[in-house]
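Breakdown of the fold
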Amino acid sequence: IIAEVLTTTLWRLEQEKDDKKRRANNIVISGLKYDEKKSDADCVVDLCKNNLAVVPRIVATRRLGKDLRNPRAKVCVTLENPAAAEELLMSSRILRSSKNEDVQKIFMNRDLTKQQAELNYKKRCERRKVTDGHPPAPAGLSGEGQLFRK
């Protein structure tokens, strides 16, 4: 029985490792409007050309969720390698400062396993507890005119 449990555990760990490796090439985009006239890959490339400093080489795209016709469904984008995914994620922060409100509502995130997503969610909740309980101290000026927190 112990050998069976150990074998099952090792198999699950190997499956999770493979899943993480496969997902490393992916990013998930939410808020990208559906366009009947263009493929999702073309929409992503256009978004990057018009708003970011990076234009990725896309291997594949697929809509996520039950309602694939939802104009705001998430899109999983597979790139050539993990470095390309990381570069696009870093560049995506520029979207927040766009003058176009629709572009500001587009978010790019890593493609996480359920376990990774749950762990990230718990970390965010813990951070919020810390910051919600203790608001940042008001800023002021020191005698030398330097900004400081009280």
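Use the structure listed above.
As a starting point, this report considers the structure included with it. (Residues numbered from 1 in each chain as written. Predicted model: local features only at pLDDT ≥ 70, side-chain atom pairs only at ≥ 80, totals over all residues. Heavy atoms only, no water.)

1. A short note on the pattern of salt bridges
Under the convention used in this document: One speaks of a salt bridge when a side-chain nitrogen belonging to Lys or Arg is within 4 Å of a carboxyl oxygen belonging to Asp or Glu. Strands here mean DSSP runs of E at least two residues long; helices mean DSSP runs of H or I at least four residues long; both are numbered from the N terminus. Only protein chains enter the accessibility calculation, which uses a 1.4 Å probe. A residue is then buried if its area is under 20% of the maximum for its type, exposed if over 50%, and partly exposed in between.
Enumeration according to the criterion identifies eleven salt bridges in this entry. Here Asp19 ties to Arg22 by a salt bridge, and the two come within 2.3 Å at their closest N and O atoms. On the criterion of helical spacing, the pair formed by Asp19 and Arg22 is a turn pair, its members being three residues apart in helix 1 (residues 2–23). In this structure Asp19 comes out as buried when scored by relative accessible area, which is 19%. The class for Arg22 is partly exposed, based on a relative accessible area of 46%. Here Lys129 and Glu126 are joined by a salt bridge, their closest N and O atoms 3.6 Å apart.

2. Structural notes on helix 3 (residues 82–91)
Put simply, the rule reads: Directions pointing from the helix axis toward each C-beta atom define the arc. Residue contacts follow a heavy-atom distance rule, with two residues in contact if any of their heavy atoms lie within 4.5 Å. Here a polar contact is recorded for every N or O atom pair within 3.5 Å, except that within protein the pair must consist of a potential hydrogen donor and a potential acceptor, and residues adjacent in sequence are included only if both atoms are side-chain atoms.
Listed as buried for helix 3 are Ala84, Ala85, Leu88, Leu89 and Ser91. Seen along its axis, helix 3 keeps its buried residues to an arc of 165 degrees; they face one direction. Buried-residue contacts for helix 3 involve strand 1 (26–30), helix 2 (40–51), strand 3 (75–79) and strand 4 (107–110). Looking at where helix 3 begins, the residue whose side-chain oxygen comes 3.1 Å from the main-chain nitrogen of Ala83 is Asn81.

3. Section: the packing of aromatic side chains
Rules: Between 30 and 60 degrees the pair is tilted, below 30 it is stacked and above 60 it is edge-to-face, where a pair is any two Phe, Tyr or Trp rings, Trp via its six-membered ring, whose centres lie within 6.5 Å. Distance and angle both matter: a charge sits over a ring if NZ of Lys or CZ of Arg is within 6 Å of the ring centre and within 35 degrees of the ring normal.
Under the criterion given, the structure shown has zero aromatic pairs. A cation over an aromatic ring shows up here: Arg96 above the ring of Phe107, its NZ or CZ 4.0 Å from the ring centre.

4. A look at the sheet that holds strand 1
As a reminder, the rule being used: Pairing between two strands requires that DSSP report at least two bridges joining them. Angles shown run from 0 to 180 degrees and are taken between the N-to-C directions of axes, each axis being a line fitted to C-alpha atoms and, for helices, limited to the stretch in contact.
An order of 2-3-1-4 is seen for the four strands of this open sheet, with the pairing classed as antiparallel. Two strands lie at the open edges of the sheet, namely strand 2 (58–63) and strand 4, each paired on one side alone. If you compare each strand with its neighbour and ignore which way they point, the axes differ by 25 degrees on average. Bridging between strand 1 and strand 4 involves four bridges; their strand directions are antiparallel. Looking at the pairing, Ile29 lines up with Met108 of strand 4. The strands touched by helix 3 are strand 1, strand 3 and strand 4; relative to strand 4, the strand with the most contacts, the crossing angle is about 145 degrees.

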